[in-house]
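Report on the structure
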Amino acid sequence: MAKTLPGFETILLVPAVEVGGVPQMVGPSGLVDYENPSIAALNHWQGITKPSDAGAAHGGNVSCAILDDLTLALDDSDTDDAKTICSKGNSSTLTFYNFSAGLNARRDADIDADGLFNLYYNLVRAADVPYFIVHRVRGQKDSTDAFAAGDEIDIYYVHTDVPVATFSDGEPIQVQQTFIPKNVVNIKHTL
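Here we summarise the structure given alongside this text. Note that the structure is a prediction, hence the values are computed from the model and not measured. (Residues numbered from 1 in each chain as written. Predicted model: local features only at pLDDT ≥ 70, side-chain atom pairs only at ≥ 80, totals over all residues. Heavy atoms only, no water.)

Overview of the pattern of salt bridges
The full count for this structure, using the stated rule, is five salt bridges. One salt bridge in this structure joins Glu 152 and Arg 138, with 2.1 Å as the shortest N-O distance. In this pair, Glu 152 is assigned in strand β10 (residues 152-159) and Arg 138 in the loop between β9 (130-136) and β10, connecting sequence segments 14 residues apart. Taking the relative accessible area as the measure of exposure, Glu 152 reaches 22% and is therefore partly exposed. (Salt bridge = Lys/Arg side-chain N within 4 Å of Asp/Glu carboxyl O. Helix = DSSP H or I, 4+ residues; strand = E, 2+ residues; numbered from the N terminus. Buried < 20%, exposed > 50% of the residue type's maximum accessible area, 1.4 Å probe, protein only.)

Examining the sheet that holds strand β12 (residues 174-178)
The sheet built from four strands is open, its strands ordered β5-β8-β12-β11 with antiparallel pairing. Looking at the sheet topology across the chains shown, the edges are occupied by β5 (71-74) and β11 (164-166). The mean angle between the axes of side-by-side strands here comes to 20 degrees, regardless of whether they run parallel or antiparallel. Relative to strand β8 (residues 99-106), β5 is paired through four bridges, and the arrangement is antiparallel. Residue pairing across strands places Leu 72 opposite Ala 101, the latter belonging to β8. Seen against the sheet, helix α2 (residues 116-124) touches β8 and β12 and runs at an angle of roughly 40 degrees to β12. (Pairing = 2+ DSSP bridges. Axes fitted to C-alpha atoms, helices over the stretch in contact; angles between N-to-C directions. Contact = heavy atoms within 4.5 Å.)

With respect to the nonpolar core
Grouped together as the largest cluster of nonpolar side chains are 42 residues, with contacts concentrated most on Leu 13, Leu 103, Tyr 120, Ile 133, Val 134 and Phe 179. Listing elements by their share of this core, those giving two or more residues are β1 (10-19), α1 (39-46), β8, α2, β9, β10 and β13 (180-190). Setting aside residues no more than four positions away along its own chain, Val 134 makes contact with Thr 10, Ile 11, Leu 12, Val 14, Met 25, Leu 42, Phe 147, Ile 153, Asp 154 and Ile 155. (Core = buried A, V, L, I, M, F, W, Y, C linked by side-chain atoms within 4.5 Å.)

Topic: the environment of Asp 151
Following the sequence through the fold, Asp 151 ends up in the loop between β9 and β10. Accessibility expressed as a relative area gives 6% for Asp 151, which makes it buried. Sequence separation between Asp 151 and Arg 136 is 15 residues; the distance between their C-alpha atoms is 7.6 Å. At 2.9 Å, the side chain of Asp 151 and the side chain of Arg 136 are in polar contact. A distance of 3.0 Å separates a polar atom in the side chain of Asp 151 from the backbone nitrogen of Ala 148. (Polar contact = N/O pair within 3.5 Å; in protein donor to acceptor, adjacent residues only side chain to side chain.)

Some points on the environment of Ala 146
Counting through the fold element by element, Ala 146 comes out in the loop between β9 and β10. In this structure, the C-alpha to C-alpha distance between Ala 146 and Gly 47, residues 99 residues apart in sequence, is 8.2 Å. Beyond its immediate chain neighbours, meaning those up to four positions away, Ala 146 contacts Asn 43, Gln 46, Arg 136, Lys 141 and Asp 151.

As for the packing of aromatic side chains
On inspection of all chains with the given rule, the structure shows three aromatic pairs. With a centroid separation of 5.2 Å and an interplanar angle of 55 degrees, the aromatic rings of Phe 99 and Tyr 156 are classed as tilted. A residue pair is termed long-range when its members are at least 10 positions apart, and Phe 99 in strand β8 and Tyr 156 in strand β10 qualify at 57 residues. A single burial state applies to Phe 99 and to Tyr 156, both of which are buried. Ring centres 5.0 Å apart and planes at 35 degrees place the aromatic pair Phe 132 and Tyr 157 in the tilted group. With Phe 132 in strand β9 and Tyr 157 in strand β10, this pair connects stretches of sequence that are 25 residues apart. An aromatic cluster of three or more residues is present, and its members are Tyr 34, Phe 132 and Tyr 157. Of note, Arg 107 hangs over the ring of Tyr 121, and the distance from its end group to the ring centre comes to 3.7 Å. Between the NZ or CZ atom of Arg 136 and the centre of the ring of Phe 147, over which it lies, the distance is 4.2 Å. (Phe/Tyr/Trp six-rings, centres within 6.5 Å; stacked < 30°, edge-to-face > 60°. Lys NZ or Arg CZ within 6 Å of the ring centre and 35° of its normal.)

Put into structure tokens, the structure is as follows:
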């Protein structure tokens, strides 16, 4: 993924639930369709940046906790190349959208601190928690800027895996979370 200008990215972890096998975003007033997320729902989670904020146990804006070695991008999609006796040419059918989602962040030295690093850790420390990662990378907006009509976002449906603590002598502890992709994406969606 091409890097944008430093500081102009927003990453939200928006809680998700599946209804009838279809993932939905959780907003402040109910469920939200990931294919057409509401600005109000995104701004609710955008304003959560520390563990004491209302709703912080479920999601929030983790942008400034994420190190710049993140992985959020589409990979080669799976296709079905099987042919029937009536198939013409070399056709294939798209089956799954594959993507990679990995976020690394620092750990707070004080595990009880009311800070952004602890918010991120609290959200990803348990395995199999469903989220939509909402990534605003285009438009040169700061992570503290509210979402607005015209913003372009990428949305990835994931579940958390077991986080890995990484550190070297004398270096801050980091948390590595390689999310489990669920093959549901909404790329370059304009609000």
